[in-house]
Structure formats: structure tokens, C-alpha cells
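Fold and geometry: a report
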Amino acid sequence: MGVTSAARITTDQGAEDGLDELVALARMIAYARHVAQDVNLQFATHCLDLALEAVKQEVGEGLTSEMAELSSPVPQMSVRSH
């Protein structure tokens, strides 16, 4: 294995770890959203919907079946700056 191969493996592992962290973050946000909805905190629910959609956009092509279950009623929108 050459230096290039080792660097590629490290980069791939880092990307996979980042994706795992984003999925975990999305799950935490979804849980907080459900709690906020249960106690009727409408503004908090809305803010958490926006946060969940932003994380889902960040995952982008790495969207997995796990992320599909974390849905919110907020339509897809771009949160990137222009």
C-alpha cells in the first residue's frame, strides 16, 4: 500500500465518520422536535424542523434509509448563503 492509498483510506474513513456524526445529530434534533411538539412548543418545533432540514441537506448524497425516517413537515429549502 502506497502513501496515496493510505491517504485515501484515511480520507474515506473521515468522511464516513462525519456522515455518522451528522446522522446522529439528525436523530437528536428529531427527538428534541418530538418532545417540543408533545409539550406544544410551536416555535421550538418550527426551529427544530429547520435545523433538521439543514442537517439533512448537509448529508446530501449520503442520505440513508435512517435519515428517511427523520421527516419533518418543512419543505426542502436552501440554507446556504448566496
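Residues numbered from 1 in each chain as written. Predicted model: local features only at pLDDT ≥ 70, side-chain atom pairs only at ≥ 80, totals over all residues. Heavy atoms only, no water.

Describing the overall build of the protein chain
Worth spelling out the cut-off: For helices the rule is a DSSP run of H or I covering at least 4 residues; for strands it is a run of E covering at least 2, with both sets numbered from the N terminus onward. With a 1.4 Å probe rolled over the protein chains alone, any residue whose accessible area is under 20% of its type maximum counts as buried; one over 50% counts as exposed, and the rest are partly exposed. Areas reported here follow the Shrake-Rupley algorithm with a probe of radius 1.4 Å; residue values treat only the protein chains shown as occluding.
Counting secondary structure elements, the protein chain contains 3 helices and 0 strands. Each helix (α) and strand (β) of the protein chain, taken in turn from the N terminus, gives the series α-α-α. Within the protein chain, buried positions represent 21% of all 82 residues. For the protein chain, the exposed surface amounts to about 5900 Å²; the carbon and sulfur share of it is 58%.

Some words on a negative patch on the surface
The line we're drawing: The patch calculation keeps residues exceeding 30% relative accessible area without a salt bridge and links them within 9 Å when they carry like charges or within 5 Å when they are nonpolar (Val, Leu, Ile, Met, Phe, Trp, Tyr). Only one rule defines a salt bridge in this text: a Lys or Arg side-chain nitrogen within 4 Å of an Asp or Glu carboxyl oxygen. Counting rule for charge: Lys and Arg are taken as positive, Asp and Glu as negative, and neither His nor the chain ends is counted. Taken as the charge centre is NZ of Lys, CZ of Arg, CG of Asp or CD of Glu, depending on the residue.
Taken together, the side chains of E16, D17, D20 and E21 define an acidic patch exposed on the protein surface. With respect to the helices and strands, the residue D17 is situated in helix α1 (residues 3-38).

Structural notes on unusual backbone geometry
Most peptide bonds take the trans configuration, and most residues that are not glycine carry a negative phi. With a phi angle near 60°, N40 is a residue other than glycine that sits in the positive phi range. Mapped onto the elements, N40 comes out in the loop between α1 and α2 (42-59). With a relative accessible area of 56%, N40 lands in the exposed category.

A word on the environment of M28
Here M28 lies in helix α1. C-alpha of M28 to C-alpha of L52: the two residues are 24 residues apart in sequence and 9.2 Å apart in space.

A word on the nonpolar core
Put simply, the rule is: In these notes, a set of buried Ala, Val, Leu, Ile, Met, Phe, Trp, Tyr and Cys residues joined through side-chain atoms within 4.5 Å is what counts as a nonpolar core.
Formed by A26, I29, A30, L52 and V55, the largest nonpolar core amounts to 5 residues. Contributing elements (two or more residues each) for this core: α1 and α2. In terms of residues, this core owes the most to one element, α1, which gives 3 residues.

The values reported here are purely geometric and, on their own, carry no functional implication.
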